[in-house]
Amino acid sequence: MSEKPWDGRFSERTDTSVEAFTSSIQVDKRLYPYDIEGSVAHCRMLAKVGVITDQEAGELTEGLWRIKRELDQGNFKFDDNLEDIHMHIEVRLLQEVGKVAQKLHTARSRNDQVALDVRMFLRDATHRVIDSLFNLRGVLVGLAEQHIATVMPGYTHLQRAQPVLLAHHWMAYYEMFTRDAERFGDSLKRTNVMPLGAAALAGTTYPINRQHTAELLKFPKIAANSMDAVADRDFILEYLSDAAICMTHLSRLAEELVLWSSAEFRFIELADAFATGSSIMPQKKNPDIPELIRGKTGRVFGDLMAMLTVMKSLPLAYNRDMQEDKPLLFDAVDTLQSCLDITVKMLPTLRIKAENMRQAASSGFLNATDMADYLVRQGVPFRNAHAIVGQAVAYALAQGKELHELSLKELNTFSKQIQNDIFEHLTLEQVIARRQSAGGTATGNVRAAIESAKQEIAGSARGSGEGDLHAKG
Ligand code: ARG
């Protein structure tokens, strides 16, 4: 049995079932790069303030980097007896550099250590998500440019409502994912706070310099209150909330792709490379990828609810319950990242059936509002115009015709104000072109939105990812 760093006051060996029950190593081992980087910074700070010598700090940091290499290469042996990644590395360091290893944990506790590790992990994960959202926004703007002339039905209640440009539809998603990127960027400010030095909960008696540790680890701020530093997991809750909202957007997009690729809609076809077949029905081409994105959204919501529930009644400060944060956080991080990545790859491969979209926009009275607007311009109050067009729709339905397929004579039975120019007024092009109110679907508006999105993307810092956060040496 390996010796546990905390077993001095224990006379009985831990029951093996307890070791299995409390161990988190299989989950938290992925924190190792952060754990080591955090320990190295801690060592350097201890040396700077004179708690350990430069010589000792040198031996410790060299040992830590050797262990990092061992972990990177997959040669590290894990052992459930040692609970978590922090104890694994500490015990291994003792074997690696001898007695001096026992000084590493001076002025530190696993409570502030784990808080640090998770914050560093999440800082990187958040940068990656923002980068992926950056890519996704670029793909959507590209699609919008490509489909600036494609007309489709816009829906409310999933009933055909008014024609819109497909570009306008893509740009709606651009807005959602831009808000997501902003939300993640905002949460990042609160993740990027350095908890180390809180020790177990009350601070420490050593003359540590937390600001220096923060600078070494590129944290702009230190946690102000030692109890909050070890008890706080708001940054995880915020990430999970942001992730849940972002998954909602991915799921809505996925749902539309599922619908649009059905024989009922026939608006798109998924590329063969991004669809799957059926093991029994040879004709099937199934939209499994969007379906899975929709399904995985449920998982991420679950992670958020579970994490809120873990935290909701915890007394200050650290409680072991909080170890349950990691499976939830890692699951959400991996799920969101994979859904974003596959969406970025899949969207450009969609085959758009523009003719079918146009066809669908041409039937179902999508120009009825415009006929009412026409009458309003002739001086009819909108409510009356609405009633007149309603009657015309009922009549046309009975005839199996669209409004623009009725003759002027027929139209005049509903209103004398209707003239020959009504037919031009009701064309798809006109219906779209008239929607020039700010944010509307008129082509000029959509073009302008695309231009400003392109500038927004060019202006938003790309490559904010992990590279610079892992500076060593
Ligand atoms: N594995 C623990 C966690 O994830 C690390 C902190 C343990 N602290 C303690 N006092 N037992 O929360």
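Here the structure is shown first, and the text comes after it.
Remember, predicted model here, so these are calculated numbers, not experimental data. (Residues numbered from 1 in each chain as written. Predicted model: local features only at pLDDT ≥ 70, side-chain atom pairs only at ≥ 80, totals over all residues. Heavy atoms only, no water.)

## Digging into the overall build of the protein chain
Selection rule: Helix numbering and strand numbering both begin at the N terminus, where a helix is a DSSP run of H or I of at least 4 residues and a strand a DSSP run of E of at least 2. When we talk radius of gyration, it's over C-alpha atoms, and the globule rule is simply 2.2 Å times the number of residues to the 0.38. Under the scheme applied here, a residue whose accessible area is under 20% of the maximum for its type counts as buried, over 50% as exposed, and between as partly exposed, the area being computed with a 1.4 Å probe on protein chains only. Contacts: residue pairs with any heavy atoms within 4.5 Å of one another. Here the Shrake-Rupley method, with its probe set to 1.4 Å, supplies the accessible areas, and only the displayed protein chains count as covering residues. We treat Lys and Arg as the positive residues and Asp and Glu as the negative residues; His and chain ends play no part in the count. The location of each charge is read from NZ of Lys, CZ of Arg, CG of Asp or CD of Glu.
Within the protein chain, the regular secondary structure consists of 19 helices and six strands. Radius of gyration (C-alpha) of the protein chain: 30 Å, far over the 23 Å computed for a compact globule of 473 residues. With the C-alpha coordinates of the protein chain rotated into their principal frame, the extents come out at 100 × 50 × 40 Å. Counting over 473 residues, the protein chain shows a buried share of 51%. The contacts in the protein chain between residues at least 6 apart in sequence include a share of 77% that link residues at least 24 apart. With an accessible surface of roughly 22200 Å², the protein chain has 53% of that area assigned to carbon and sulfur atoms. Distance between charge centroids for the protein chain: 3 Å, based on 54 positive and 62 negative side chains.

## Regarding the site of the ligand
As a reminder of what qualifies: Think of it this way: one heavy atom of a residue within 4 Å of a molecule or strand is enough to make that residue near it. Polar contacts, as used here, are pairs of N or O atoms within 3.5 Å; protein pairs need one atom able to donate a hydrogen and one able to accept it. Residues neighboring in sequence count only if both atoms are side-chain atoms. Amino acid classes used here: Ala, Val, Leu, Ile, Met, Phe, Trp, Tyr, Cys and Pro are nonpolar; Asp, Glu, Lys and Arg are charged; the rest, including Gly, are polar.
Around the ligand, the neighbouring residues are Ser24, Asp84, His86, Arg110, Asn111, Val114, Tyr318, Arg320, Gln323 and Lys326. Interatomic distance of 2.9 Å between a side-chain N/O atom of Gln323 and a nitrogen atom of the ligand. Within the side chain of Lys326, a nitrogen or oxygen atom sits 2.7 Å from an oxygen atom of the ligand. Protein coverage of the free-state accessible area of the ligand, which is 340 Å², stands at 87%. With three residues, helix H6 (residues 110–146) is the single largest residue contributor to the shell around the ligand. When grouped by side-chain class, the residues that make up the shell around the ligand number two nonpolar, four polar and four charged.

## Re helix H14 (residues 368–377)
By the burial criterion, the buried members of H14 are Ala368, Asp370, Met371, Ala372, Tyr374 and Leu375. Just downstream of H14 lies Gly379, where phi reads positive at about 100°.

## Side note on helix H4 (residues 54–72)
Defined as follows: What a helix is expected to span follows from its residue count: subtract one and scale by 1.5 Å.
Here H4 is 19 residues long and its end C-alpha atoms lie 26 Å apart, about the 27 Å a rise of 1.5 Å per residue gives. Residues of H4 that are buried: Glu56, Ala57, Leu60, Thr61, Gly63, Leu64, Trp65, Ile67, Lys68, Glu70 and Leu71. Along its buried surface, H4 packs onto helix H3 (32–48) and helix H5 (85–97). Where H4 ends, the next residue or the one after it, Gly74, has phi of about 75°, a positive value.

## Let's talk about the packing of aromatic side chains
Applicable threshold: A pair of Phe, Tyr and Trp rings is counted when the ring centres sit within 6.5 Å of each other, with Trp represented by its six-membered ring. The angle between the planes then sorts it: under 30 degrees is stacked, over 60 is edge-to-face, the rest tilted. Here, a charge over a ring means that NZ of Lys or CZ of Arg falls within 6 Å of the ring centre while also lying within 35 degrees of the ring normal.
Counted according to the given criterion, the structure contains ten aromatic pairs. Both rings, one in Tyr34 and one in Phe121, keep their centres 6.2 Å apart while their planes meet at 85°; by these two values the pair is edge-to-face. Within this pair, whereas Tyr34 is found in helix H3, its partner Phe121 is found in helix H6, the two being separated by 87 residues in sequence. Phe121 gets classed as buried once you look at its relative accessible area, which sits at 3%. Both rings, one in Phe76 and one in Phe78, keep their centres 5.0 Å apart while their planes meet at 50°; by these two values the pair is tilted. Residue classification places Phe76 among the buried positions, given a relative accessible area of 8%. Of the aromatic side chains, those joined through ring pairs into one cluster are Tyr155, Trp170, Trp260, Phe265 and Phe267. Geometry around Phe10 places Arg9 over its ring, the cationic atom sitting 5.8 Å from the centre.

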